[in-house]
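Residue-level structural notes
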Amino acid sequence: MGASFSHLGLSNDVVSSVVSLPSSNTGKKSSSKSKNLQRWTSSGLSTPRDSEHYTDLDDDWDSNVENCLTSVNSQPKFIENKPTFEYPLIRKISSGVKSSTDDGALALYAPHILQEEESHKELEEMNAKLSRYHRFKHLVEESTVDMDKLKKMAWNGIPSELRPISWQLLVGYLPTNSNRREAQLHRKRQEYLGLIEQEFTKEKDAQTWHQIEIDIPRTNPRIKLYGFKSTQRSLERILYLWAVRHPASGYVQGINDLATPFYQTFLSAYIKDETDVTQFDPSTLPKDSIDAIEADTFWCLTKLLEGIQDNYIHAQPGIIRQVNELKDLVRRIDTELSNHLDDENVEFIQFSFRWMNCLLMREISMESTIRMWDTYLSEPNGFSEFHVYVCAAYLVKWSDELKKMDFQAIMMFLQDPPTKNWTEKDVELLLSEAFIWQSLYKNATAHLRG
Amino acid sequence: MADMEDYAYDYDYLLKIVLIGDSGVGKSNLLSRFTRNGFNLDSKSTIGVEFATKTLEVDGKKLKAQIWDTAGQERYRAITSAYYRGAMGALIVYDITKPETYENVSKWLKELKDHADDNLVVELVGNKSDLEHLRGVPTEEAKHFAAENQLLFTETSALNADNVDLSFEQVAKAIYNMVKKNQLDLSDYSGAKPPTGQTISLTPTPGAESNKHKSNCC
């Protein structure tokens with residue numbers, strides 16, 4: 001179904017090329033001519049390895065490039081965007097773990113962190129986290145990223161510092177070959193600006209623009225970041241451009257939600273360590289940076305929506321299909337619950353339409369969503385297929401409660417489920433449950449259906 | 001979960017009412033004002049449908065209004081129109097400051113005509129009456145249109161609660177009166193049977209449809 005509509009949209013040019021890099025490693029490799037890339041560095045990018053210099057970023061930038069160029073076969077070395085306070089802390093605590101890259105950072109962070117007695121378990125957890133971080137970092141720094149390995153690791157969650165580059169690799173926006181990234185990234189960002197110029201200098205499609213304008217202030221209204229004018233203008237441009245280039249779908253409510261995990265994640269690469277991205281006003285960034293974040297968000301959103309465009313075309317067949325799959329799945333996983341819902345005349349479309357349309361973003365927090373997307377982006381069809389298994393796991397989680405409820409109580413419960421404060425652990429449990437259901441039922445044939 | 005106490009046999013009639021109208025006119029806030037006396041300045045757009053209930057008393061009878069709030073964007077109509085079936089009342093909401101949302105009322109009327117029952121009680125609701133200084137739709141004009149099309153009419157403010165209860169109540173009363181007049185005895189389906197929510201055929205489930213069919217016969 002999806003393929004049959006692709007010719008209606010204008011997405012072919014979008015699909016055609018594997019796109020390029022937003023990540024800081026381009027910056028490290030690039031010549032100092034590039035102002036844009038300098039800004040990358042000067043806006044808070046540094047590496048723990050060199051973080052003893054990181055108060056003076058412009059100075060260490062050149063040396064960084066030298067280091068990188070000489071150390072790894074002249075390949076640009078990926079340098080994570082920002083050592084947030086978490087990782088330095090972990091690094092310090094786990095200083096017993098041998099790491100070639102973190103020595104510089106050790107000197108910088110206060111030794112008093114360790115003064116408080118950490119429990120053995122916490123230490124172990126942190127060590128595990130740290131060593132995972134380094135393995136992850138190593139993986140994305142390779143001159144040709146091993147995508148199978150990356151997917152395997154990313155499935156279990158991506159360290160936040162490495163998320164921007166990892167997502168862009170996983171979504172297919174960044175080439176796996178680091179040599180190709182800079183040029184492609186440059187091209188893709190220019191292309192975006194060109195398209196914006198083209199669309200925003202002619203008369204706008206009034207209906208599309210109107211709907212986007214209504215929805216922008218209603219996008220994550222409780223997260224401060226989305227109240228800033230700069231954020232809103234960026235999202236407006238991204239959504240409008242996507243809509244006019246995909247006329248078979250156009251802008252559909254809910255797509256605004258889907259743009260935000262990308263936007264927020266890519267923005268986080270440009271801000272200082274200790275700053276909470278959800279509180280950050282992007283207007284304080286240079287225009288080049290904002291343009292880059294916007295372009296990267298646009299292309300990644302485009303990639304994501306390619307996989308689920310049937311969700312948003314007329315009559316939303318993709319969603320209908322997923323709702324039906326969910327119903328079948330729940331019948332097999334939890335017959336009692338399925339029967340109870342039937343008895344109460346609860347229809348799956350009544351409560352799960354939104355789950356499909358907004359990928360559960362209305363049910364869980366932004367933080368949880370972002371963690372969930374690490375896994376979705378690592379699955380072959382994360383957003384269109386694996387998501388259904390996640391929804392099934394999500395529903396049967398409440399089976400005991402739901403089976404005691406009548407129609408009305410079920411509807412009220414499911415439209416406002418108690419999962420807004422879910423932690424990463426809750427999401428990870430959900431994802432592993434979904435994984436089990438997928439392994440059990442994905443290739444199950446129709447005769448197995450209850 | 002505002003009305004846990006409603007789960008059991010505590011009403012005489014269950015009335016399904018749908019809330020429709022253009023995106024951004026304030027449907028969800030009308031509903032939250034009516035059912036929870038709440039207003040969200042920072043609410044998100046409605047996706048699919050949302051559901052809430054409130055029990056009213058008319059002529060000593062308890063009428064439980066089961067209200068389905070729908071998404072306003074056109075793309076969703078193919079989906080949401082499924083929810084019209086079995087509805088006994090509809091509020092078509094527009095924004096008094098946005099004439100285009102008023103102009104679209106005829107589109108919404110047609111939607112109902114195509115997808116809902118014929119004897120549906122329909123009310124035209126001009127919301128955001130607190131924004132009088134920005135008014136773009138004259139009250140008289142809307143009132144006239146309503147009369148011409150045999151619609152009930154109110155102007156409301158979900159923000160300051162003006163006329164919100166009234167707008168829902170007059171729909172519920174009109175449904176009740178119509179039911180009485182048509183001797184459509186809903187109590188067969190609500191009071192006498194455990195109310196499993198959909199008992200009165202208020203949604204397009206096959207089971208419910210057959211119930212409804214029965215009700216039309218007698």
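This text goes with the structure placed above it.
This write-up is about the structure you can find in this document. Quick caveat: nothing in here was measured; it's all calculated off a predicted structure.

Rules used in this analysis
- Residues numbered from 1 in each chain as written.
- Chains lettered and ligands numbered in written order.
- Predicted model: local features only at pLDDT ≥ 70, side-chain atom pairs only at ≥ 80, totals over all residues.
- Heavy atoms only, no water.
- 1 Å grid on protein atoms, 1.4 Å probe; cavity = no way out; pocket = protein on both sides within 12 Å on 5 of 7 lines; lining within 4 Å.
- Points joined across faces, edges and corners; volume = space filled by probe spheres on them.
- Helix = DSSP H or I, 4+ residues; strand = E, 2+ residues; numbered from the N terminus.
- Nonpolar A, V, L, I, M, F, W, Y, C, P; charged D, E, K, R; others polar.
- Expected span 1.5 Å × (residues − 1).
- Buried < 20%, exposed > 50% of the residue type's maximum accessible area, 1.4 Å probe, protein only.
- Arc of directions from axis to C-beta.
- Salt bridge = Lys/Arg side-chain N within 4 Å of Asp/Glu carboxyl O.
- Contact = heavy atoms within 4.5 Å.
- Buried area = accessible area lost by both parts, 1.4 Å probe.
- Polar contact = N/O pair within 3.5 Å; in protein donor to acceptor, adjacent residues only side chain to side chain.

Structural notes on empty space enclosed by the protein
- Scanning the entire structure with this criterion turns up four cavities of 30 Å³ or more.
- Looking at the largest cavity, its volume works out to about 90 Å³.
- In this structure, the largest cavity is lined by 13 residues; those nearest its centre are Q350(A), F351(A), R354(A), Q415(A) and V49(B).
- Among the elements of the structure, α18 (348–357) and α22 (407–415) of chain A together with β2 (49–58) of chain B are those that each provide at least two residues to the lining of the largest cavity.
- If one sorts the elements of the lining of the largest cavity by residue count, α18(A) sits on top with five residues.
- Taken together, the residues of the lining of the largest cavity break down into seven nonpolar, three polar and three charged.

Some words on helix α23 (residues 424–441) of chain A
All names here are of chain A.
- Along its 18 residues, α23 runs 25 Å from first to last C-alpha, staying within 8% of the 26 Å computed at 1.5 Å per residue.
- Among the residues of α23, V427, L430, L431, A434, Q438 and Y441 are the ones counted as buried. Projection of α23 onto a plane perpendicular to its axis shows the buried side chains occupying an angular sector of 105°, all on one side. In this structure, α23 carries K425, S439 and L440 as exposed residues pointing more than 90 degrees from its buried face.

Looking at the pattern of salt bridges
- All chains considered together, the criterion is met by 27 salt bridges over all chains.
- Here R222(A) makes a salt bridge to D42(B), at a shortest N to O gap of 3.2 Å. With R222(A) in the loop between α12 (206–215) and α13 (229–245) and D42(B) in the loop between α1 (27–36) and β2, the pair connects residues from two separate chains.
- In this structure R222(A) comes out as exposed when scored by relative accessible area, which is 61%.
- We classify D42(B) as partly exposed; its relative accessible area is 28%.
- Across the pair D257(A) and R362(A) runs a salt bridge, and its minimum N-O distance is 2.8 Å.

A closer look at the interface of chain A and chain B
- Between chain A and chain B, the contact holds 39 residues from the first and 40 residues from the second.
- Where chain A abuts chain B, roughly 3300 Å² becomes buried across the two surfaces, and 53% of that area is made up of carbon and sulfur atoms.
- At the surface where chain A touches chain B, the tally comes to two salt bridges.
- For R354(A), the salt bridge is made with E50(B), and the minimal N-O distance between the two is 3.1 Å.
- Applying the counting criterion to the chain A and chain B interface returns 16 residue pairs in polar contact (both at pLDDT 80 or more).
- For the side of chain A that touches chain B, the secondary-structure elements that each account for two or more residues are α12, α18 and α22 of chain A.
- The element contributing the most residues to the side of chain A that touches chain B is α22(A), with seven residues.
- Tallied by class, residues from the side of chain A that touches chain B come to 17 nonpolar, 14 polar and eight charged.

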